[in-house]
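# Structure assessment
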Amino acid sequence: QVQLVESGGGLVQAGGSLRLSCAASARTFSRYTLAWFRQAPGKEREFVAGINWSSDRTYYAESMKGRFTISRDNAKSTVFLQMNFLKPEDTADYYCAATVPVNGIVTSATAYPFWGQGTQVTVSS
């Protein structure tokens, strides 16, 4: 079982940056593949970025490439999402999620059994 708690959301102007954190409770945190998803009002939850247990493999949704960076610190059981050059369309609730390792990084939300409660990001124009 994994408990996840996100933090770092807030209000930022377009072009600004935010760094989201997700702290996990699991003793076996380092075994899990981790990901960030987001959900804007009235829209489906979408994959943002994922990272495997050893950090040697990451994957990003196309619209986030070059702007967002996912990383993890297994010693601190924490995963991060650095978001730069934010746009108003990045406004959403951001969630971290965990799943057992599989081949590659899965982008489907249904593959992740463990979720945090979300943190709100609002980007003003």
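Look up a bit, the structure's there.
Rules of the game
Residues numbered from 1 in each chain as written. Predicted model: local features only at pLDDT ≥ 70, side-chain atom pairs only at ≥ 80, totals over all residues. Heavy atoms only, no water. Pairing = 2+ DSSP bridges. Helix = DSSP H or I, 4+ residues; strand = E, 2+ residues; numbered from the N terminus. Axes fitted to C-alpha atoms, helices over the stretch in contact; angles between N-to-C directions. Phe/Tyr/Trp six-rings, centres within 6.5 Å; stacked < 30°, edge-to-face > 60°. Buried < 20%, exposed > 50% of the residue type's maximum accessible area, 1.4 Å probe, protein only. Lys NZ or Arg CZ within 6 Å of the ring centre and 35° of its normal. Salt bridge = Lys/Arg side-chain N within 4 Å of Asp/Glu carboxyl O. Disulfide = S-S within 2.5 Å.

One open sheet accounts for four strands, arranged β1-β3-β8-β7; its pairing is antiparallel. The sheet is open, and its two edges are formed by β1 (4–7) and β7 (68–73), each paired on a single side. In this sheet, adjacent strand axes meet at a mean angle of 15° when their direction is disregarded. For β1 and strand β3 (residues 18–24), the ladder comprises four bridges, and the chain directions are antiparallel. Across the sheet, Val-5 pairs through a bridge with Ala-23, a residue of β3.

Here the structure, examined in full by the defined rule, presents seven aromatic pairs. For the pair Phe-37 and Tyr-112, a centre-to-centre distance of 5.3 Å together with 75° between the ring planes defines the contact as edge-to-face. You can see Phe-37 sitting in strand β4 (residues 33–39) and its partner Tyr-112 sitting in the loop between β9 (92–99) and β10 (114–115), a full 75 residues away along the chain. Of the two residues, Phe-37 and Tyr-112, neither departs from the other in class, the shared state being buried. With 6.4 Å between their ring centres and 75° between their planes, Tyr-95 and Trp-115 make a pair best called edge-to-face. A residue pair is termed long-range when its members are at least 10 positions apart, and Tyr-95 in strand β9 and Trp-115 in strand β10 qualify at 20 residues. Since its relative accessible area comes to 12%, Tyr-95 is described here as buried. The class for Trp-115 is partly exposed, based on a relative accessible area of 26%. Of the aromatic side chains, those joined through ring pairs into one cluster are Phe-37, Phe-47, Tyr-59, Tyr-95, Tyr-112 and Trp-115. Lying over the aromatic face of Tyr-95, Arg-45 brings its terminal NZ or CZ to 3.9 Å of the ring centre.

Further remarks concern the pattern of salt bridges. For the structure on display, the rule yields four salt bridges. A salt bridge links Asp-90 to Arg-38; the shortest N-O distance between them is 2.8 Å. Residue Asp-90 is located in the loop between β8 (78–83) and β9, and its partner Arg-38 is located in strand β4; the two are separated by 52 residues in the primary sequence. Using a relative accessible area of 0% as the deciding quantity, one classes Asp-90 as buried. For Asp-90, the salt bridge goes to Arg-67, with nearest N and O atoms at 2.7 Å. In this pair, Asp-90 sits in the loop between β8 and β9 while Arg-67 sits in the loop between β6 (58–60) and β7, placing the two residues 23 residues apart along the sequence. In this structure, Asp-90 and Arg-67 share a single accessibility class: buried. Through salt bridges with shared partners, one network takes in Arg-38, Glu-46, Arg-67 and Asp-90.

Covalent bonding between the sulfur atoms of two cysteines defines a disulfide. With the rule as written, the count across this model stands at one disulfide. Between the sulfur atoms of Cys-22 and its disulfide mate Cys-96 the distance is 1.9 Å. One disulfide, between Cys-22 and Cys-96, carries an S-S torsion of 40° and so falls in the right-handed class. Residue Cys-22 is found in strand β3, and its partner Cys-96 is found in strand β9; the two are separated by 74 residues along the sequence. The class of Cys-22 is buried, set by a relative accessible area of 1%. We classify Cys-96 as buried; its relative accessible area is 1%.

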